[in-house]
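Tertiary structure, described
Okay, here's what each chain looks like letter by letter:
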Amino acid sequence: MFGLGAKNIGIDLGTANTLVYVDGKGIVLHEPSVVAKNTQSGDIIAVGEEARAMIGRTPANVTAIRPMKDGVIADYDTTAAMLKYFMEKALGGNGAHPEVMICVPSGVTEVEKRAVIDAAKVAGAKEAFVIEEPYAAAIGAGLPVMDPTGSMVVDIGGGTTDVATISLGGIVSSRSIRMAGDKMDEAVISYVRQQYNLLIGERTAEDIKMEIGSASIERAKEIDGMTIRGRDLLTGLPKTVEVTAVDIANAINEAVLAIIDAVKETLEETSPEIAADVIDHGIVLTGGGALLKHLSEVISDAAQVPVFIAQDPLDCVAIGTGESLKNIEVLKKH
């Protein structure tokens with residue numbers, strides 16, 4: 001697929017999706033962080049898009065799992081195998097051993113960082129380095145991270161929401177909470193079960209969130225409802241129900257409030273100078289969660305600061321991780 005020249009790669013190893021950035025080519029791969037395994041032999045059957053299509057539809061001897069949970073590695077061997085597959089696919093399976101930059105949530109421990117680096121090496125990386133997610137997101141969103149002005153970024157992924165203020169090439173204050181896209185999906189599943197006695201799967205919950213989810217209960221009244229299908233818990237038979245956007249806004253409200261609290265707490269910890277810069281330049285939202293309807297308005301109202309959605313919110317972390325490959329020589333000296 002690609003020539004032997006592609007050596008360094010940046011990986012946004014997310015709980016929900018993995019993106020791979022190849023130096024000089026940009027983002028070449030964007031696939032779900034899902035692996036399908038044979039439970040008897042332990043063999044990997046499918047990875048990425050193909051494995052995601054199997055969630056909830058596998059026979060007894062096959063299980064589709066997400067080896068990342070809350071932004072960190074939950075299943076080490078499977079993560080290493082998944083990384084190997086994605087790296088080979090991105091580089092065209094040419095047997096190259098690239099230097100790899102991988103992003104991690106800002107709240108991870110040294111042990112969790114080491115696990116990511118080790119997994120990358122097992123997957124075939126010559127060298128592996130980590131970069132904190134909100135910092136990578138800020139670079140990818142085009143914020144002036146090296147300047148002596150304060151920037152603020154809120155990266156809402158699948159497993160974690162990372163909030164950080166950044167100035168002079170470093171993170172000044174940050175918060176990482178395990179309240180993001182996955183928790184919203186779980187809240188939707190739980191709400192639909194309680195209100196309608198209907199059991200739905202992860203994929204359906206995510207579709208509902210993306211289609212009619214809103215961060216504002218008030219504004220959700222403007223959005224049309226949606227017909228969903230699942231299994232009736234009383235009869236065990238398939239059933240169709242109509243859900244409203246207000247239902248879904250209520251279901252995910254706890255997660256939205258947690259994100260707002262994290263933003264406020266991070267702002268409270270920053271110096272008056274950086275707080276003033278944030279008022280001038282606003283807060284930038286990145287990650288898949290940035291696409292939740294009315295989220296920017298709700299955060300802006302709560303924090304009293306302008307809030308913008310980055311140009312390609314889903315790609316910011318991967319772009320920033322890839323851009324930081326340029327500084328890989330500096331990291332080697334540390």
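Residues numbered from 1 in each chain as written. Predicted model: local features only at pLDDT ≥ 70, side-chain atom pairs only at ≥ 80, totals over all residues. Heavy atoms only, no water.

Our next topic: the confidence of the model for the protein chain. Here the protein chain shows a mean pLDDT of 92. Residues at 70 or above account for 97%. The low-confidence segment residues 1–6, where pLDDT is below 50, has 13 contacts with residues more than four positions distant or belonging to other chains. (pLDDT = per-residue confidence, 0-100. Contact = heavy atoms within 4.5 Å.)

Looking now at the sheet that holds strand 6 (residues 62–65). Spatially, the three strands line up as an open sheet ordered 5-4-6, and their pairing is antiparallel. The open sheet has two edge strands with one neighbour each: strand 5 (44–47) and strand 6. The sheet shows a mean angle of 20° between the axes of neighbouring strands, direction not considered. Strands strand 4 (35–38), strand 5 and strand 6 of the sheet are contacted by helix 2 (residues 76–90), whose axis makes an angle of about 55° with strand 5. (Pairing = 2+ DSSP bridges. Helix = DSSP H or I, 4+ residues; strand = E, 2+ residues; numbered from the N terminus. Axes fitted to C-alpha atoms, helices over the stretch in contact; angles between N-to-C directions.)

Here we come to the pattern of salt bridges. Oppositely charged side chains can form a pair if their charged atoms are brought close together. Following the criterion strictly, the structure yields 18 salt bridges and no others. Between Glu 206 and Arg 52 there is a salt bridge whose closest N-O contact spans 2.8 Å. Highlighted residues: Glu 206 in helix 6 (residues 202–212) and Arg 52 in helix 1 (residues 49–52), separated in sequence by 154 residues. The partly exposed category is assigned to Glu 206, whose relative accessible area is 24%. Two residues, Lys 209 and Asp 185, come together in a salt bridge whose shortest N-O distance is 3.0 Å. Of the two residues, Lys 209 is situated in helix 6 and Asp 185 in helix 5 (residues 181–196); the sequence distance between them amounts to 24 residues. (Salt bridge = Lys/Arg side-chain N within 4 Å of Asp/Glu carboxyl O. Buried < 20%, exposed > 50% of the residue type's maximum accessible area, 1.4 Å probe, protein only.)

Turning next to helix 2. Given a rise of 1.5 Å per residue, 15 residues ought to cover 21 Å, and the 21 Å separating the end C-alpha atoms of helix 2 matches this to within 8%. For helix 2, the set of buried residues is Thr 78, Thr 79, Ala 80, Met 82, Leu 83, Phe 86, Met 87 and Ala 90. Backbone geometry just downstream of helix 2 places Gly 92 in the positive-phi region, at approximately 75°. (Expected span 1.5 Å × (residues − 1).)

Moving on, we get to the sheet that holds strand 17 (residues 283–286). Overall, mixed pairing links the five strands, which are arranged 13-12-11-17-18 in an open sheet. At either end of the open sheet lies a strand with only one pairing partner, and these are strand 13 (170–177) and strand 18 (307–309). Across the sheet, the axes of successive neighbouring strands diverge by a mean angle of 20°, strand direction being ignored. The pairing of strand 11 (residues 151–156) with strand 12 (residues 161–167) spans six bridges and is classified as antiparallel. Within strand 12, the residue paired with Val 154 across the bridge is Val 163.

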